[in-house]
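Residue-level listing of the chains:
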Amino acid sequence: MISLEKLRIDLPGFSIQDVDLSVEPGEFFALLGPTGSGKTLLLEAISGLVPITSGRILVDQRNISRLPPEERRVGIVYQDQALFPHLTVLQNITYGLRYGKGRQQNSEGNLGRILGQLNLNHLAHRSIRNLSGGERQRVALARALAVNPSVLLLDEPLSSLDPNFREDIRKALKRLHHETAITFLMVTHDFSEALFLTDRAAIISSGRIQQIGTTGEIFRRPASPLVAEFVGMKNVFSAAFETRKAFLGNIELELDFAVSSSAKHLAIRPEDIVIAKDTNHETKNTFRGEVVGVSHNGLYYDVFVNTGGIVFQALITKGALLETQLVEGTHVFITLRPSAIHTL
Amino acid sequence: MRNKLDPFSLLTISCSFIILLFILLPLFEMVLQPSLESLQETIQDKDVVRSIWLSIYTSSLAALISLLVGTPFAYLLARKQFFGKKFVESVVDLPIMIPHPIVGIAILSLAGRGHWMGDILQALGVRIMGSVTGIVVVLTFVGLPFYINTVKSGFESIPVRLEKVSRSLGASMTSTFVRITFPLAWRTMLVGMIMCTARAISEFGAIVIVAYHPMIAPVMIYQRFTAYGLKYSQPVAVWLILVCLALFLLLRVVSLPRKEQR
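Analysis parameters
- Residues numbered from 1 in each chain as written.
- Chains lettered and ligands numbered in written order.
- Predicted model: local features only at pLDDT ≥ 70, side-chain atom pairs only at ≥ 80, totals over all residues.
- Heavy atoms only, no water.
- Buried < 20%, exposed > 50% of the residue type's maximum accessible area, 1.4 Å probe, protein only.
- Helix = DSSP H or I, 4+ residues; strand = E, 2+ residues; numbered from the N terminus.
- Core = buried A, V, L, I, M, F, W, Y, C linked by side-chain atoms within 4.5 Å.
- Contact = heavy atoms within 4.5 Å.
- Polar contact = N/O pair within 3.5 Å; in protein donor to acceptor, adjacent residues only side chain to side chain.
- Buried area = accessible area lost by both parts, 1.4 Å probe.
- Salt bridge = Lys/Arg side-chain N within 4 Å of Asp/Glu carboxyl O.
- Phe/Tyr/Trp six-rings, centres within 6.5 Å; stacked < 30°, edge-to-face > 60°.
- Lys NZ or Arg CZ within 6 Å of the ring centre and 35° of its normal.
- Pairing = 2+ DSSP bridges.
- Axes fitted to C-alpha atoms, helices over the stretch in contact; angles between N-to-C directions.
- Patch = residues over 30% accessible without salt bridge, like charges linked within 9 Å, V, L, I, M, F, W, Y side chains within 5 Å.
- Areas by Shrake-Rupley, 256 points an atom, 1.4 Å probe, with all protein chains shown as cover.

A. Structural context of helix α8 (residues 160-168) of chain B. Residue and element names in this part refer to chain B. For α8, the tally of buried residues reaches 7 of 9 residues, placing the bulk of the element in the interior. Along α8, the residues classified as buried are L162, E163, K164, V165, S166, R167 and S168. Of the residues trailing α8, G170 is marked for its positive phi of about 110 degrees.

Pasting the structure below:
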């Protein structure tokens with residue numbers, strides 16, 4: 001397990017402040033945040049590669065705050081893999097086996113198992129110079145796992161890979177976590193990766209933790225506009241609230257829960273906004289608007305609808321777009337289901 | 001059909017030619033002028049062989065000293081950020097800027113009688129003026145910046161993450177240097193030693209002040225030129241050039257990366 005207590009790191013021009021975080025033994029935990037939020041720095045602090053200013057780092061109840069990196073038993077896998085270019089695949093993987101007491105025990109069996117788990121047996125004697133991105137990432141994982149660390153830190157393990165390999169590595173990570181008792185802490189800026197792989201997550205931004213919870217919880221109930229934006233809620237507006245009512249400019253929305261007094265913002269996911277050309281006027285929270293933009297977004301289309309001066313972003317399928325023939329200027333009705341509205 | 005050269009390309013190519021000619025022409029001229037007999041005669045002269053050997057020996061020693069004390073310093077400059085780093089880097093470059101005779105005078109004044117350091121050296125039986133030790137001190141002084149700057153950029157080109165991963169796998173800093181940094185940097189260290197030796201072999205101005213005797217090759221060439229003229233100094237110069245070229249070529253070949261590693 002990993003515990004960070006009141007952790008503070010100061011670098012010229014950037015600092016991480018008051019980080020309190022607890023990762024359970026054997027858990028797969030995600031540290032989420034935009035680029036430049038301090039995620040990688042936090043990982044390097046845990047592995048001892050960056051000195052901390054104050055606070056404590058505990059791994060399995062052992063205070064490792066002031067230990068040199070080589071005594072921490074914290075493995076790290078970087079986004080760019082950082083494989084040793086002058087060594088073969090096997091030499092890379094066995095690099096750490098000569099260090100530390102008791103690490104050699106079972107190392108033969110352990111090594112064979114890891115090579116098998118990551119499907120690396122046939123590559124063992126290859127130079128790392130001619131490996132594919134996915135293979136490089138598997139070697140980096142094997143190298144870190146070979147020394148049997150208490151904790152494995154993963155720095156954006158999927159982002160440098162092309163989509164074919166990404167799926168591969170994602171499955172491998174999930175399987176490895178399942179098959180070993182090692183605690184995984186992954187840093188990523190991609191919320192969908194966290195949803196797929198991890199149980200819980202923390203959102204970090206500008207060196208501060210913004211929210212900690214299960215990934216599902218963060219996805220459904222983001223605690224701040226920043227988190228909402230990060231987990232893909234495109235429609236975040238400041239709003240005024242009354243019990244079970246929200247006011248967004250001239251728009252009055254009905255809610256199906258009592259609003260807490262601290263709420264200042266309202267958010268709704270694009271996929272939760274229903275667009276129709278006609279309407280059954282009895283549906284709650286239905287408003288007339290005008291399409292002000294349609295843009296292609298992979299398999300879907302983003303449709304921007306202006307309602308009373310507020311532009312909502314909705315998501316529809318290509319089929320639905322063809323059926324409704326939405327273009328700029330089309331008059332439509334949008335429905336914001338009360339259960340899909342979040343207050344922050 | 002080939003495209004006609006535009007004026008810009010023409011300018012770049014002609015300038016390159018002029019510079020190559022400017023460097024090579026005097027050298028060619030000098031190498032070709034002495035007759036084979038005079039070259040043969042010169043290399044049989046024990047004084048000449050001794051001075052060329054002394055040049056190579058003292059310069060290599062300077063490179064070796066640079067390797068030993070310069071490598072940790074170069075590593076520090078490549079990896080650490082600290083207050084006054086720019087200043088320290090300028091200090092390292094100083095020997096390149098200072099006129100050579102001044103280097104000689106500065107070293108002599110430090111090692112001379114009456115200065116505490118000179119007195120200590122004398123008490124220890126170390127002589128700088130007119131000795132091989134003095135020559136090595138001067139050559140190290142002028143050669144060090146070339147070694148440090150080359151090796152520093154070599155270290156900088158090795159991603160620091162490789163060292164970080166090595167530490168996280170249980171290796172100490174020393175072990176990481178031996179197993180990761182050195183295998184990736186030894187070629188630049190060799191290149192740094194070549195640069196340092198090359199600079200040291202060409203030193204004249206400071207040596208003439210600190211140690212006219214024992215005579216290193218450049219001093220001998222100068223002495224023969226002033227005493228007997230061009231014809232008598234040229235063959236020594238040719239031999240010095242040939243020996244140096246052979247040595248540098250050999251080291252260059254060793255330091256080239258193997259094909260698969262490129």
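Now, onward.
B. Representation of the nonpolar core in the model. Residue and element names in this part refer to chain A. Within the largest apolar cluster, 56 residues are counted, with the highest numbers of intra-cluster contacts made by L4, I9, L42 and L153. Among residues more than four places away in sequence, those in contact with L4 are V19, D20, L21, L42, I46, R56 and I57. If you look at the next biggest cluster of nonpolar residues, it comprises 33 residues, including I114, L115, L161 and I169.

C. Highlighting the side chain of S66(B). All names here are of chain B. Tracing the backbone through its elements, the reader meets S66 in helix α3 (residues 46-79). According to the relative accessible area criterion, S66 is buried, its value standing at 0%. A distance of 2.8 Å separates the side chain of S66 from the backbone oxygen of A62, its partner in a polar contact. Contact partners of S66, with chain neighbours within four places excluded, come to T71, T140, L144, Y147 and C196.

D. Just the interface of chain A and chain B, in detail. Listed per partner, the contact involves 26 residues of chain A and 20 residues of chain B. The three residues of chain A that bury the most area against chain B are E70(A), H86(A) and Y95(A), which together make up 30% of that side's buried surface. Linking chain A with chain B are 4 salt bridges. The residue R161(B) makes a salt bridge to D80(A) at a minimum N-O spacing of 3.4 Å. Summed over the shared surface of chain A and chain B, the number is 8 residue pairs in polar contact (both at pLDDT 80 or more). Listing elements by their share of the side of chain A that touches chain B, those giving two or more residues are α1 (39-46), β6 (74-77) and α4 (133-146) of chain A.

E. Region of interest: the packing of aromatic side chains. Residue and element names in this part refer to chain A. Per the stated rule, a full pass over the model turns up 11 aromatic pairs over all chains. Centre to centre, the rings of F237 and F312 are 5.2 Å apart; their planes meet at 70 degrees, and the pair counts as edge-to-face. With F237 in strand β11 (residues 235-238) and F312 in strand β19 (residues 310-317), this residue pair connects regions lying 75 residues apart in the sequence. Since its relative accessible area comes to 18%, F237 is described here as buried. Taken together through their ring pairs, the aromatic side chains of F84, Y95 and Y99 make up a single cluster. The residue whose ring lies beneath R143 is F84, and the NZ or CZ to ring-centre distance is 4.5 Å. Over the aromatic face of F196 sits the side chain of K174, whose NZ or CZ is 4.9 Å from the ring centroid.

F. Inspection of the sheet that holds strand β9 (residues 200-205) of chain A at higher detail. All names here are of chain A. If you walk across this open sheet you meet the 6 strands as β6-β7-β8-β3-β9-β10, and the pairing is mixed. The outermost strands of the open sheet, each flanked by one partner alone, are β6 and β10 (208-214). Taken over all neighbouring pairs, the strand axes of this sheet differ in orientation by 20 degrees on average, direction set aside. In this sheet, strand β7 (residues 151-155) lies alongside β6 in parallel orientation, the contact comprising 4 bridges. By the bridge assignment for β7, I76 is matched with L153. Along the sheet, helix α5 (residues 163-179) makes contact with β3 (28-32), β7 and β8 (183-188), crossing β8 at roughly 155 degrees.

G. Summary view of the sheet that holds β11(A). Residues and elements named next belong to chain A. Read from one edge to the other, the open sheet built from 3 strands follows the order β11-β15-β21, with strand pairing classed as antiparallel. Looking along the sheet, the strands with just one partner apiece sit at the ends: β11 and β21 (342-343). Relative to strand β15 (residues 265-268), β11 runs antiparallel, the two sharing 4 bridges. When the bridges of β15 are listed, F237 appears paired with L266.

H. Broad picture of a nonpolar patch on the surface. All names here are of chain B. Taken together, the side chains of I19, L20, F22, I23, L24, L27, F28 and L32 present a nonpolar region at the surface, about 850 Å² in accessible area. Structurally, F22 can be placed in helix α1 (residues 7-32). What makes F22 exposed here is its relative accessible area of 66%.

I. Examining the pairing of strand β17 (residues 286-297) of chain A more closely. Residue and element names in this part refer to chain A. By the bridge criterion, 5 bridges tie β17 to strand β20 (residues 331-336) in an arrangement that is antiparallel. Directly across from G289, in β20, lies its bridge partner V332. For β17 and strand β18 (residues 300-307), the ladder comprises 7 bridges, and the chain directions are antiparallel. When the bridges of β18 are listed, S295 appears paired with D302.

J. Seen up close, unusual backbone geometry. Residue P214(B) follows H213(B) across a cis peptide bond; omega there is -10 degrees. With phi around 50 degrees, S206(A) is a residue other than glycine that occupies positive phi space. If you trace the backbone, S206(A) turns up in the loop between β9 and β10. Accessibility expressed as a relative area gives 57% for S206(A), which makes it exposed. Unlike most non-glycine residues, Q325(A) shows phi in positive territory, near 50 degrees. Within the fold, Q325(A) resides in the loop between α9 (318-324) and β20. By relative accessible area, which is 58% here, Q325(A) ends up exposed.

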